[in-house]
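Secondary and tertiary structure notes
Here's the letter readout for the chains.
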Amino acid sequence: MSLPPNSERIMFRAWHDDDVAALHAINSDPQVMRFVADGQGWPISRTQQFIKAASDMLEQSGFCQWALIDKSSGCLIGFCGLVDTGDVPEIGWRLARDYWGRGLATEAAAAVFDHARDTLGLSRVMATVQTENAASVRVIEKLGMTRDRTFQRDGREVAVYSCCLASSVRPPR
Ligand SMILES: CC(C)(COP(=O)(O)OP(=O)(O)OC[C@H]1O[C@@H](n2cnc3c(N)ncnc32)[C@H](O)[C@@H]1OP(=O)(O)O)[C@@H](O)C(=O)NCCC(=O)NCCS
């Protein structure tokens, strides 16, 4: 199964059953989850479901939101990758708070774009984000995605972005 290329500081891999504890620490952090769905941290059962769903998607579609590993420590620091929506695949990311603000999400997403275009042969990717999520909106903008529309979900404004991969702006590595 192909993976996005390793970048300078991070590598991608498929999920392991024993990733549950490390991912649960991220998914139960209220600050990490502030702009994810209803803003509630996940119980461990939801993280177990996430890993199972991502593994199934990788098997069936050849891509998923892969585990992100910090190369220097070997630690799981979050995820980045693609969700099979049945239409244009959706890119997404989530990092442990200790790793924010270092350009890692942009670095990972750029590698996923490269993989989507060069290996998976995808021509288009979309993203959704709560508009108050300034850091994630900024990552999306740095990737060269453009805003198509907004809508309300559970009282929160959500923006839909998309990008033609052939013409995406590649952020500096
Ligand atoms: C969104 C997230 C992945 C970004 O990770 P990151 O590695 O810190 O992102 P990067 O460092 O690559 O880029 C963040 C950009 O946002 C900017 N930024 C961060 N916080 C900001 C804020 N409050 N207001 C405006 N810009 C902000 C940074 O300055 C940076 O832009 P720059 O390179 O022009 O300076 C991380 O914050 C996260 O995991 N959040 C919780 C989960 C989440 O919201 N996932 C996305 C759901 S759509």
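Above this text sits the structure in question.
In this convention, every chain numbers its residues from 1, walking through the sequence in written order. Predicted model: local features are reported for residues with pLDDT of at least 70 only, side-chain atom pairs are reported and counted for 80 or more only, and whole-chain, interface and lining totals are derived from all residues. Side-chain figures throughout are based on the complete set of non-hydrogen atoms in the structure, without hydrogens or water.

1. What about the packing of helix H1 (residues 20-27) against helix H2 (residues 44-61)?
Each packed pair of helices is defined by two parameters, the angle between the axes and the distance between the axes. Under this scheme, a helix contributes an axis fitted over its contacting stretch, all axes are lines through C-alpha atoms, and angles between N-to-C directions fall in the 0 to 180 degree range. Strands are runs of DSSP state E lasting at least 2 residues, helices are runs of H or I lasting at least 4, and numbering of each runs from the N terminus. The contact between H1 and H2 brings their axes to 9 Å, and the two run at 120°. In terms of orientation, H1 and H2 fall into the oblique class. In the crossing of H1 with H2, the sense of the turn from one axis to the other is right-handed. Where H1 approaches H2, its residues Val20, Leu23, His24 and Asn27 are matched on the opposing element by Ile44, Thr47, Gln48, Phe50 and Ile51. Among the residues making up the contact of H1 with H2, the classes are represented as five nonpolar, four polar and no charged. By definition in this entry, angles of less than 35 degrees are roughly parallel, angles greater than 145 are roughly antiparallel, angles of 65 to 115 are roughly perpendicular, and the rest are oblique. For any pair of crossing helices, the crossing counts as left-handed if the nearer helix is rotated counterclockwise from the farther one by less than a right angle, and right-handed if it is rotated clockwise. Residue contacts follow a heavy-atom distance rule, with two residues in contact if any of their heavy atoms lie within 4.5 Å. Here the nonpolar group is Ala, Val, Leu, Ile, Met, Phe, Trp, Tyr, Cys and Pro; Asp, Glu, Lys and Arg are the charged ones; every other residue, Gly included, is treated as polar.

2. Points about the pairing of strand E2 (residues 65-70)
Throughout, exposure labels follow a simple rule: accessible area from a 1.4 Å probe, protein chains only, divided by the maximum for the residue type, with under 20% read as buried, over 50% as exposed, and the rest as partly exposed. Judged by how many residues are buried, E2 sits mostly within the fold: six of six residues are covered. Note on pairing: two strands pair once DSSP finds at least 2 bridges between them. In this sheet, E2 lies alongside strand E1 (residues 10-13) in antiparallel orientation, the contact comprising four bridges. From the neighbouring strand, Arg13 faces E2, where its bridge partner is Ala67. Here E2 pairs with strand E3 (residues 76-83) via five bridges, running antiparallel. Bridging from a neighbouring strand, Ile69 pairs with Leu76 of E3. Between E2 and the antiparallel strand that follows it, E3, lie five residues; Gly74 among them carries a positive phi value of about 80°.

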